[in-house]
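Report on the structure
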Amino acid sequence: MSAHASAQPMTALKSGPLRGTALIPGDKSISHRALIFGAMAVGETRITGLLEGQDVLDTASAMRAFGAEVTQAGPGDWSVHGVGVGGFREPADVIDCGNSGTGVRLIMGCMATTAMTATFTGDASLRKRPMGRVTEPLSLFGAQAYGRHGGRLPMTVVGAANPVPVRYALPVASAQVKSAVLLAGLNAPGETVVIEREATRDHSERMLRGFGAEVTLEKTAEGNVITLVGQPDLRPQTVAVPRDPSSAAFPVSAALIVEGSDILVPGVSQNLTRNGLYLTLVEMGAEIDFQNPRTEGGEPVADLRVRFSGNMKGIEVPPERAPSMIDEYPILSVVAAFATGRTVMRGVKELRVKESDRIDAMARGLEASGVRVEEDADTLIVYGMGPGGVPGGATCATHLDHRIAMSFLVCGMAAKKPVSVDDASPIVTSFPIFEGLMTGLGATLSRDSR
Ligand code: S3P
């Protein structure tokens, strides 16, 4: 994608109370999967509430390149005419997954057991990220991958002509790797088994069942044992994509630290594999009411009423909670800076291989904003300065990382002096309406640097 071709500086100023209702766009993980599973079903899958962020649009283009018909009927309203498991056609050109690790890893999985060759690339951020974690299990099915040094993109994957099913224990807690293996297992005969020691987001399993695949989960001493029966006929579905809890984290956190705020964030997922941030915030003393619990689009959701919380305390975040809040550590570290006392985040080394090295990016930006931090390979510690206590006055580097950009802009809404980011353009990958939504609540953002 070319969205990052020109940097877009942005500055957040100390903002008045945030008030109103924040309608968060569709979940990114579920949006990718709706397009991919729709492409692997025979017939028309209808999707409502699809996130129209650049990451997901890149996956839509990729599914077209593999032969599915993907069309937009209206805002968030999409249709996919799928070609069936094993029905992909070889793409005529390189597949560009832009900024999206989820996109490229899941798509490698779903073509790896079909006899075809595809070459993948992405933006400067994605080209730095490790693909070996996916190509290694895919090679067990019989696929081959040829990439740059260290398993980096661009990379060519030659799908297995005669795939065999696989039993694979995940060496890292990664839903992307789990999903790539399950997707590859769809076109292999027999049972493919993935074992995860720590539970990661379970959208693939839930949605594959909805599309008619046989997927079972057994909880054992080894961890979750997930078994998929290969070569199903996937049936097209109507998918209502719920709102993204990882995007909701930004207005929720902003309301907690901007004095006088009181906002409503409807339909935030309470899926136990995604809700770690919300548990952590409540433990810190955040005033969040979870109202009207119900099921939407197959996910448990609640409406969150969030008020400025002047009594938040730093905590030790349990390391085993990391998979359920993996994308939320950057914004948690901002909330921690406005709490009293130390917040310790251990077991977070996976943050170093996200869209950027998020431990480093947050540590440097917080330090520049006057906050004391400590880090090691697997840990980030933030020393809170209390409500309104962060000096700010920094320009933070976002390293093509949407969540780093949004985290520092939220920081600037409550800091004493403005906080700028060098490039807010990556925000379009996951939360294209961030600027309008936040200013609508009362935040002050300006499209320049200070
Ligand atoms: C995702 C899984 C997580 C997460 C990413 C989305 C997914 O990555 O960080 O934003 O949709 O499966 P890992 O599986 O690499 O932890």
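Further up the page is the structure itself.
Quick look at the structure, then.

Another point: the sheet that holds strand 15 (residues 262-269). Pairing within the open sheet is mixed, and its four strands lie in the order 2-15-17-16. Single-partner strands in this sheet number two, and they are strand 2 (19-21) and strand 16 (287-296). Pairwise comparison of adjacent strand axes, ignoring direction, gives a mean angle of 20 degrees for this sheet. Bridge analysis of strand 15 against strand 17 (residues 299-307) gives six bridges, and the strand direction is antiparallel. From the neighbouring strand, Ser269 faces strand 17, where its bridge partner is Val301.

Burial in helix 8 (residues 276-284) covers these residues: Gly276, Leu277, Tyr278, Thr280, Leu281 and Met284. Just downstream of helix 8 lies Gly285, where phi reads positive at about 105 degrees.

The next point concerns the state of the cysteines. One pass over the full model with this rule turns up zero disulfides. Among the cysteines around Cys97, which has no disulfide bond, Cys110 carries the closest sulfur, lying 9.8 Å off. Cysteine Cys411 shares no disulfide, and the gap to the nearest cysteine sulfur, in Cys396, comes to 7.0 Å. Cys411 gets classed as buried once you look at its relative accessible area, which sits at 0%.

For the ligand, the full set of nearby residues is Ser29, Arg33, Thr102, Ala173, Ser174, Ala175, Gln176, Arg201, Ile326, Asp327 and Lys354. Between an oxygen atom of the ligand and a main-chain N or O atom of Gln176, the distance comes to 2.8 Å. A distance of 2.7 Å separates an oxygen atom of the ligand from a polar atom in the side chain of Lys354. Coverage of the ligand by the protein amounts to 95% of the 380 Å² it exposes when considered alone. At the level of elements, helix 1 (28-39) and helix 5 (175-186) are the ones that each hand at least two residues to the shell around the ligand. When the residues that make up the shell around the ligand are grouped by side-chain class, the tally is three nonpolar, four polar and four charged.

Let's shift gears to the pairing of strand 8 (residues 144-148). Taken residue by residue, a regular strand's side chains alternate between the two faces of the sheet. Strand direction decides the pairing type here: strand 8 and strand 9 (residues 152-158), joined by five bridges, are antiparallel. Residue pairing for strand 9: Tyr146 is matched across the bridge by Thr156. The hairpin turn running from strand 8 into strand 9, its antiparallel successor, is three residues long, and Gly150 in that turn takes a positive phi close to 75 degrees.

The next thing to look at is the layout of surface pockets. Any space left empty among the atoms is revealed by the rolling of a water-sized probe across them. When its volume is computed, the largest pocket comes out at roughly 310 Å³. Forming the boundary of the largest pocket are 15 residues, of which Ala173, Glu198, Gly347, Lys349 and Glu350 lie nearest the centre. Classifying every residue of the lining of the largest pocket gives eight nonpolar, one polar and six charged. Considered as a void within the structure, the second largest pocket measures approximately 250 Å³ in volume. For the second largest pocket, the lining is made up of 14 residues, of which Arg206, Met207, Val239, Gly297 and Gly298 are closest to its centre. Sorting the residues of the lining of the second largest pocket by element identifies helix 6 (203-210) and strand 14 (238-240) as the ones contributing at least two each. Among the elements that take part in the lining of the second largest pocket, helix 6 stands out by supplying four residues, more than any other.

Let's shift gears to the pattern of salt bridges. Counted by the stated rule, this structure contains 28 salt bridges. Put simply, Arg358 and Asp327 hold a salt bridge, and the shortest N to O gap is 3.5 Å. Highlighted residues: Arg358 in helix 10 (residues 358-368) and Asp327 in the loop between strand 18 (316-317) and helix 9 (329-337), separated in sequence by 31 residues. Take Arg358 and Asp327: they sit in the same class, and that class is buried. In this structure, the salt-bridge partner of Glu435 is Arg447, at a minimum N-O distance of 2.8 Å. You can see Glu435 sitting in helix 12 (residues 434-441) and its partner Arg447 sitting in the segment after strand 24 (444-446), a full twelve residues away along the chain. Classification of Arg447 as exposed rests on a relative accessible area of 52%. Salt bridges sharing partners connect three or more residues here, namely Arg129, Arg201, Asp327, Glu355, Arg358, Asp401 and Arg403.

Once that is clear, we can look at empty space enclosed by the protein. According to the stated counting rule, one finds two cavities of 30 Å³ or more in the structure shown. Here the largest cavity defines a volume of roughly 380 Å³. Gln176, Arg201, Ile326, Asp327 and Lys354 are, among the 29 residues lining the largest cavity, the residues nearest its centre. Residue assignment for the lining of the largest cavity shows that the elements contributing at least two residues are helix 1, helix 3 (101-111) and helix 5. Among the elements that make up the lining of the largest cavity, the one with the highest residue count is helix 1 (four residues). Partitioning the lining of the largest cavity into residue classes produces five nonpolar, nine polar and 15 charged. Volume-wise, the second largest cavity comes out at about 40 Å³.

What follows covers the pairing of strand 20 (residues 373-376). Note: strand 20 against strand 21 (residues 379-385), four bridges, orientation antiparallel. For Asp376, the partnering residue across the bridge sits in strand 21 and is Thr379. From the end of strand 20 to the start of strand 21, which pair antiparallel, there are two residues.

Turning to the sheet that holds strand 20, a few remarks are in order. The strand order 18-19-21-20 describes an open sheet built from four strands, whose pairing is mixed. The sheet terminates laterally at strand 18 and strand 20, the two strands that pair on one side only.

Along the chain, Leu153 connects to Pro154 via a cis peptide bond; the corresponding omega equals -5 degrees. Its location among the elements puts Pro154 in strand 9. For Gln231, which is not glycine, the phi torsion reads 55 degrees and is therefore positive. Of note, His399 is a non-glycine position whose phi angle comes to about 50 degrees, a positive value. Mapped onto the secondary structure, His399 falls in the loop between strand 22 (395-396) and helix 11 (402-414).

Rules used throughout
- Residues numbered from 1 in each chain as written.
- Predicted model: local features only at pLDDT ≥ 70, side-chain atom pairs only at ≥ 80, totals over all residues.
- Heavy atoms only, no water.
- Pairing = 2+ DSSP bridges.
- Helix = DSSP H or I, 4+ residues; strand = E, 2+ residues; numbered from the N terminus.
- Axes fitted to C-alpha atoms, helices over the stretch in contact; angles between N-to-C directions.
- Buried < 20%, exposed > 50% of the residue type's maximum accessible area, 1.4 Å probe, protein only.
- Disulfide = S-S within 2.5 Å.
- Near = heavy atom within 4 Å.
- Polar contact = N/O pair within 3.5 Å; in protein donor to acceptor, adjacent residues only side chain to side chain.
- Areas by Shrake-Rupley, 256 points an atom, 1.4 Å probe, with all protein chains shown as cover.
- Nonpolar A, V, L, I, M, F, W, Y, C, P; charged D, E, K, R; others polar.
- 1 Å grid on protein atoms, 1.4 Å probe; cavity = no way out; pocket = protein on both sides within 12 Å on 5 of 7 lines; lining within 4 Å.
- Points joined across faces, edges and corners; volume = space filled by probe spheres on them.
- Salt bridge = Lys/Arg side-chain N within 4 Å of Asp/Glu carboxyl O.

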